[in-house]
Amino acid sequence: MNRYSSIFIEVIAFVLIGLFLTASPVSAGQQPKLVLQITVDALRGDLPDRYNNVLGEGGFRYLMEKGVHYNNAHYQHANTETIVGHVSLATGTVPAAHGMVGNVWFDREQGRLVYNIEDPEYRLLTPGADVDKKTEIDPTQKAASVDGRSPNNILTSTLSDELAVHFAGQSKIFAVSVKDRGAVSLAGHAGKAFWFSKKGGEFVTSTYYYDQYPDWVNKWNARKPALAYADKSWQLLHSPSKYLFGNADDRDYETDFPGFGRTFPHAYGKADDKYFTTRLTLSPAGDELTLDFAKALLENEQLGQDEIPDYLAVSFSSTDYVGHIFGASSLESEDNIARLDRTLADLFAFIDKKVGLENTLIVLSADHGQPEVPGHLHERGIDKAHYFDTESLDKTPAITALKKQFGIGEELIEAYHHPYLYLNHDLIRAKGLDQAEVEKAIAAELLKFDGVAYAVSSSALGTDSLPDTLLTRSILRNFHSKRSGDIYLVFEPNVFINDFDGLIVASTHGSPWRYDTYVPIMFAGAGLKAAKVNRAVTPYDIAATLAAYLRVKPPSGTVGTPLLEVLGE
Ligand SMILES: [Zn+2]
């Protein structure tokens, strides 16, 4: 063989090896270059399939048809709220371990309600971009007394933390969401989080993460992408006949949000309207802005460009807000899913171009499900559904009688932030009463209320006299001694509070019932083989699966089990 033919063979071999390497998905011994963890806020497990008719190619269908789709995944904790679910996804464990027992809890040391990720030590990096209490519609956001945010209240490690530790800080870790808690949760303690400020119409962060913004964030914000929606409206993606709810746009139980209305098209309004950015978050626009920011992040931070796995978490918030305002079974929810599907397809196509889907392990799930709106159930002849009137539980005759029995004239209930009632411990002690007995007596009275399914005291949770039911187990998994209240209140199925601090909404999640615990889990990319799995699994399994797949140790509190279909076993 002469010199030239030997070089020729080497070149051919080189090209063939190159082709083989780029065409082959992640295989044994290799790591994905990117882990993309998508959370769709309030995506109930049935919704993508139910609204299949309005989906296109490359979004949900890519995940459902080319990936591993678990369609029987349920949370096992009782309080199915946003921070609880997000942190459970991030840590692979229950609130009893990770400590995030609710969006809001009563801090006994401070004697006030606190917002889950508020932290006075780490102010917002953009002064004045904090929650505007005059226009904020999310009542939990208003509980924060400071603008600072950090993950310091999360008590166990996240998968993203484990990546940071395992790869000695070389793994790039980011999380993005419209909601601060949607990003801070998944970035963990070691990653970096960005979220949308409705006040500024910009993505912001706190001093926990940065001393100053990266250039690309300043540039993105200076472009003012939110303003592109001014004077425009949310329109249907398809013709009405394509939708399950095409003939049912205007229903009187939907929330008629100021200037937004109950029917298509929903106007965003003028850029200087006080509710302009809020309306963006109540529509697919919030997710589109999140997508645009995530793409800029991927590109500028060079995610997935080397052999060390990077991690990007994106939490899409619109599905939750649309559900609260219009309900899960509405034309708005259906079109929101259709548009979220386009947003996902856009994100996957972008990642395919920049990193390659074969080098990217994607997982999509949700932080909780959604109930049906009572009015919608009534239309179907299901009458046992209503809103719960919270008008001061403390002043009801039953509680008043109890207080008389105990010789208490003052407020016995220190705070009630559903699902927890916090009693006035000082008062109980001062009157020489037994805390456990008072709790038990109040729980027994609450049980008599119309619409209350169960009320259990925290002291009873610590005894073995409790019945071993799905409900009691889920409440135990939600119990943290420093943050949980004295009594956990569970409403009957299809009964919930719909007063958002004055704004009457169509539906509220947060129950331990199946519609609120039910979420999809979809893994795709990285050469995974398509599968539909009906076996009962939990969202806590996700962090455990990612850890096993990436061969890093599991987060410190993980109770999940690695999913074998993803591990290829
Ligand atoms: Zn949520």
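Before reading on, note that the structure itself is shown above.
Residues numbered from 1 in each chain as written. Predicted model: local features only at pLDDT ≥ 70, side-chain atom pairs only at ≥ 80, totals over all residues. Heavy atoms only, no water.

Before going further, it helps to examine the coordination of the zinc ion. Coordination of the zinc ion by the protein comes from D41 (OD), T82 (OG1), D367 (OD) and H368 (NE2), over a distance range of 2.0 to 2.2 Å. Every donor counted, the four donor atoms about the zinc ion form angles of 96 to 132 degrees at the centre, which fits tetrahedral coordination. Each donor residue of the zinc ion lies on one chain, and together they are spaced D-x40-T-x284-D-H. Placement of the pair is D41 in the loop between β1 (34-40) and α2 (47-50) and T82 in helix α4 (residues 82-91), with a sequence separation of 41 residues. T82 matches D41 in its accessibility class, with the two residues each being buried. (Donors = N, O, S within 2.8 Å, 3.2 Å for Na, K, Ca; no water. Tetrahedral: all angles 85-135°; square planar, octahedral: opposite > 155°, others 65-115°. Helix = DSSP H or I, 4+ residues; strand = E, 2+ residues; numbered from the N terminus. Buried < 20%, exposed > 50% of the residue type's maximum accessible area, 1.4 Å probe, protein only.)

The strand order β7-β6-β5-β10-β1-β11-β20-β2-β21 describes an open sheet built from nine strands, whose pairing is mixed. Looking along the sheet, the strands with just one partner apiece sit at the ends: β7 (202-204) and β21 (531-533). Here the strands of the sheet are splayed against their neighbours by 15 degrees on average, with no regard to which way each runs. Against the sheet, helix α8 (residues 215-222) engages β6 (192-197) and β7, with an angle of about 155 degrees to β7. (Pairing = 2+ DSSP bridges. Axes fitted to C-alpha atoms, helices over the stretch in contact; angles between N-to-C directions. Contact = heavy atoms within 4.5 Å.)

The next subject is the nonpolar core. Proteins that are soluble and globular tend to have nonpolar side chains buried together. The biggest cluster of nonpolar side chains holds 146 residues, and the ones touching the most others in it are I38, F60, F194, L312 and F523. It is helix α12 (residues 331-354) that contributes the most residues to this core, nine residues altogether. Setting aside residues no more than four positions away along its own chain, F60 makes contact with L43, P48, L55, I337, L340, D341, L344, L364 and M522. In terms of nonpolar packing, the next biggest core, distinct from the first, is built from 23 residues, L402, I413, A443 and I487 among them. (Core = buried A, V, L, I, M, F, W, Y, C linked by side-chain atoms within 4.5 Å.)

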